Amino acid sequence: MSKETFPHKHFTTTKTAGDMKDKAVRTAFLYSLGLNPINLVVAKQIHGNNVRIVNISSKDSIVGDCDGLITADKELVLGIYTADCIPLLVSAENGELKAAVHVGWRGLYGGIIENTFELLKDKFCADLKKTKVYIGPHIRSCCYEISNEMKSRFGIKPNSSKLDLSGILCNKLNKFEITDVFDIKLCTFHMENLFFSYRHSKCVERIISIIV
Ligand SMILES: [Zn+2]
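This is a predicted model, so every value here is computed, not measured.

**Focus on the environment of Cys 187**
Then, number 1: Following the sequence through the fold, Cys 187 ends up in the loop between β10 (180-183) and α6 (198-201).
Then, number 2: On the basis of neighbour counts, which here come to 19 C-beta atoms within 10 Å, the residue Cys 187 falls in the partly exposed class.
Then, number 3: Beyond its immediate sequence surroundings of up to four residues, Cys 187 is in contact with Ile 139, Arg 140, Cys 142 and Cys 143.

**Looking at the pairing of strand β11 (residues 207-211)**
Then, number 1: Counting buried positions over the 5 residues of β11 gives 5, a clear majority of the element.
Then, number 2: Neither face of β11 is exposed, since Ile 207, Ser 209 and Ile 211 on one face and Ile 208 and Ile 210 on the opposite face are all buried.
Then, number 3: Here 3 bridges tie strand β1 (residues 10-12) to β11, and the two strands are oriented antiparallel to one another. Within β11, the residue paired with His 10 across the bridge is Ile 211.

**Observations concerning the pairing of strand β5 (residues 68-71)**
Then, number 1: Burial along β5 is two-sided: the face carrying Gly 68 and Ile 70 and the face carrying Leu 69 and Thr 71 are both buried.
Then, number 2: Pairing analysis gives 4 bridges linking strand β3 (residues 51-54) to β5, with the strands arranged parallel. Paired with Val 54 across the bridge in β5 is Thr 71.
Then, number 3: Where β5 meets strand β8 (residues 97-103), 4 bridges bridge the pair, whose relative direction is antiparallel. Note that in β8 the partner of Leu 69 across the bridge is Ala 100.

The rules behind each value
- Residues numbered from 1 in each chain as written.
- Predicted model: local features only at pLDDT ≥ 70, side-chain atom pairs only at ≥ 80, totals over all residues.
- Helix = DSSP H or I, 4+ residues; strand = E, 2+ residues; numbered from the N terminus.
- Buried ≥ 20, exposed ≤ 12 C-beta atoms within 10 Å, placed from the backbone.
- Contact = placed C-beta atoms within 7 Å.
- Pairing = 2+ DSSP bridges.

Distances and angles like these do not, on their own, reveal function.
Below, the structure written as structure tokens:
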């Protein structure tokens, strides 16, 4: 998929834009794109596997107890904060539906990908084969060192010490026959001059990825 075919405007910030958890910084960023900050909805992001359907009544809010948001509301802007986890943006039904999902190892392991696409299919009858997916910057297999316990959890070979988050994610997308995947292929740890990386510097700041 080329970016041009993605039916939604979408953006991921870099460090230069500042800490997107800071309301003033975030508000300035959204205004700079011509977006009204009041239309932004974000998930609380608790490293769980819950995905919520939101509508205009959720605008300008943080939706609790979830890591993924789906909406059919064109006015809403969905956002995901990250500093190494995957920001996953989804477009379905020719742009009628959009989703934003925070995907770390806990969410991947806990089934947040399955929950996202099953909800799109079951609640909205979305044709998943035509779904378009954007994988934003995250810590990649070049840099994501993991423990032996984590290796056994994900069935990773003993001779490898790295976790491939997007590889695991893409295997899950394949099971749903989702092939229209754009991966920006940037590593937040590697490029910590450009992105906030929690594993690199234990930072509290976050970039944001939004889908409009
Ligand atoms: Zn890297």
